[in-house]
Amino acid sequence: MNRDSRSVTLTGQGETLLSYARRMLALNRELVSLFQNERVAGEVVLGAPDNIGDDVMPQVLRRLQESHPGVKVEVIIDFSRNLLRDVGAGKYDLVLYSCHHDTSTREPGEVIFTEPLVWAGLKGGTAFEKRPLPVAMLEATCVHSRMARDVLVEAGLDYTVAYQTQYVGAQKAAIRADMVVSPMGLSQVDKDLEVLTDIDGLPEIGDNRMGMVLKDKPSEAAQAVADYFRTTFSEVQNSRIFRMPRVA
């Protein structure tokens, strides 16, 4: 561990060990749930932000259906702030949400996924060269949008929000039109897009973190869904070969 007068943090090796430990625990929970699938049934209301990703949600729902056919999941997409408010009010059985980028801030529930938050642009595009920099943002209170704005201001980079949307699909469409660049999780950067870094004149943003919260006294069905998200996100984080951004 690294220690200073104010905090204690894990070393790089410690973070790696913790990641594997979490993965082992998640796999163990999934294995146990496989033997309980006949008696686990019920409806689960799941809340998630639009930036959950194109692959994780389908993976979880498919695997859940195969092992727990008696569990039915209703998925509702909303902003993270609304999801956290409403799970406390009992509207959801569990929610996934984008975490605050300040790691000293205690988040509700647990953090189940972390990856770099990067600038994405059209592969071979020129939008990143324009000034003011045209940026696509999700809604103004989105964690990713706040992080991106903060680093642009800190870097003294002139920018304009040229496109604002509630949906990642629309955000990517604007990038593909070479209208804008946009902040997003590295795992969301599709093959026709590319990561833009300091060599392109753009500042480093930070991490994309996904949290999960269950309502008080969750059902066995909700706990089974949560276990599948823990396992799947752990597999993504440990098996994905992240494309390293270009360096000068």
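One structure accompanies this document, and this report is about it. (Residues numbered from 1 in each chain as written. Predicted model: local features only at pLDDT ≥ 70, side-chain atom pairs only at ≥ 80, totals over all residues. Heavy atoms only, no water.)

### Here we look at the overall build of the chain
Spelled out, the test is: Only runs of H or I of at least four residues qualify as helices and only runs of E of at least two qualify as strands under DSSP, and these elements are numbered from the N terminus. Three exposure classes are used, based on accessible area relative to the maximum for each residue type with a 1.4 Å probe and protein chains only: buried under 20%, partly exposed in between, and exposed over 50%. Whether two residues touch is decided by their heavy atoms; if any such pair falls within 4.5 Å, the residues are in contact.
Each helix and strand counted, the chain has six helices and 11 strands in total. In the chain, which comprises 248 residues, the proportion classed as buried is 44%. Taking the intrachain contacts of the chain between residues at least 6 apart in sequence as the baseline, contacts between residues at least 24 apart amount to 80%.

### Brief notes about the environment of Asn208
Inclusion rule: Any N or O atom pair separated by 3.5 Å or less is treated as a polar contact, with the protein-specific requirement of one donor-capable and one acceptor-capable atom, and with residues adjacent in sequence counted only for side-chain atom pairs.
Examined against the element boundaries, Asn208 turns out to sit in strand β11 (residues 206-214). Along the chain, Asn208 and Glu115 lie 93 residues apart, while their C-alpha atoms are 5.2 Å from each other. Not counting chain neighbours up to four residues away, the residues in contact with Asn208 comprise Phe113, Thr114, Glu115, Pro116, Leu117, His144 and Gly185. A polar atom in the side chain of Asn208 sits 2.7 Å from the side chain of His144.

### Focus: the pattern of salt bridges
Where we set the bar: Definition used for salt bridges: Asp or Glu carboxyl oxygen within 4 Å of a side-chain nitrogen of Lys or Arg.
Evaluated as defined, the whole model comprises nine salt bridges. For Arg176, the salt bridge is made with Asp190, and the minimal N-O distance between the two is 2.8 Å. Of this pair, Arg176 sits in helix α5 (residues 168-176) while Asp190 sits in the loop between β9 (182-185) and β10 (193-196), and the two are 14 residues apart along the sequence. Overall, Asp190 belongs to the partly exposed group, its relative accessible area being 22%.

### Brief notes about the pairing of strand β3 (residues 42-48)
The condition is simple: Any two strands with at least two DSSP-identified bridges between them are counted as paired.
Within β3, five of the seven residues are buried, which leaves it mostly tucked inside the rest of the structure. In the sheet, β3 pairs with strand β5 (residues 94-98) via two bridges, with the strands oriented parallel. Bridge pairing links Leu46 to Leu94 in β5.

### Side note on the pairing of β5
With five of its five residues buried, β5 lies for the most part within the structure. Side chains Leu94, Leu96 and Ser98 project from β5 onto one buried face, and the interleaved Val95 and Tyr97 project onto a second face that is buried too. Note that β5 and β11 share five bridges and pair antiparallel. Looking at the pairing, Val95 lines up with Val213 of β11.

### Examining unusual backbone geometry
Here the bond from Arg131 into Pro132 is cis, since omega is 0°, no more than 30 degrees from zero. Mapping Pro132 onto the fold places it in the loop between β6 (110-122) and β7 (133-137). Phi at Asp178 is positive, roughly 60°, even though this residue is not glycine. Checked against the element boundaries, Asp178 lands in the loop between α5 and β9. Backbone geometry places Lys217, a non-glycine residue, at a positive phi of 50°. The residue Lys217 is located in the loop between β11 and α6 (220-239) in this model.

### So, the nonpolar core
Counted only if it meets this: Nonpolar core, defined: a set of buried Ala, Val, Leu, Ile, Met, Phe, Trp, Tyr and Cys residues in which side-chain atoms within 4.5 Å join the residues together.
Core analysis: the largest hydrophobic core is formed by 25 residues, its most contacted members being Leu96, Phe229 and Phe233. Ranked by residue count, the leading element in this core is α6, at nine residues. If near-sequence neighbours (up to four positions away) are discounted, Phe229 is found in contact with Leu46, Val56, Met57, Val60, Leu96, Ile112 and Met212. Formed by 17 residues, the second largest nonpolar core is a distinct cluster that contains Leu133, Met147, Ala148 and Val181.

### A closer look at the packing of aromatic side chains
Stated precisely, the cut-off is as follows: Under the pairing criterion, centres of Phe, Tyr and Trp rings, with the six-membered ring standing for Trp, must be within 6.5 Å; the plane angle then separates stacked pairs below 30 degrees from edge-to-face pairs above 60, leaving the rest tilted.
Enumeration according to the criterion identifies two aromatic pairs in this entry. With a centroid separation of 5.0 Å and an interplanar angle of 35°, the aromatic rings of Phe113 and Phe233 are classed as tilted. With a gap of 120 residues between them, Phe113 in strand β6 and Phe233 in helix α6 connect regions that are remote in the sequence. Assigned by exposure class, Phe113 and Phe233 land together as buried. Taking the centre distance of 6.3 Å and the plane angle of 25° together, the rings of Phe229 and Phe233 count as stacked. With a gap of four residues between them, Phe229 and Phe233 both fall in helix α6, about one helical turn apart. Residues Phe229 and Phe233 agree in their burial class; the two are buried. By the ring-pair criterion, three or more aromatic residues cluster together here, those being Phe113, Phe229 and Phe233.

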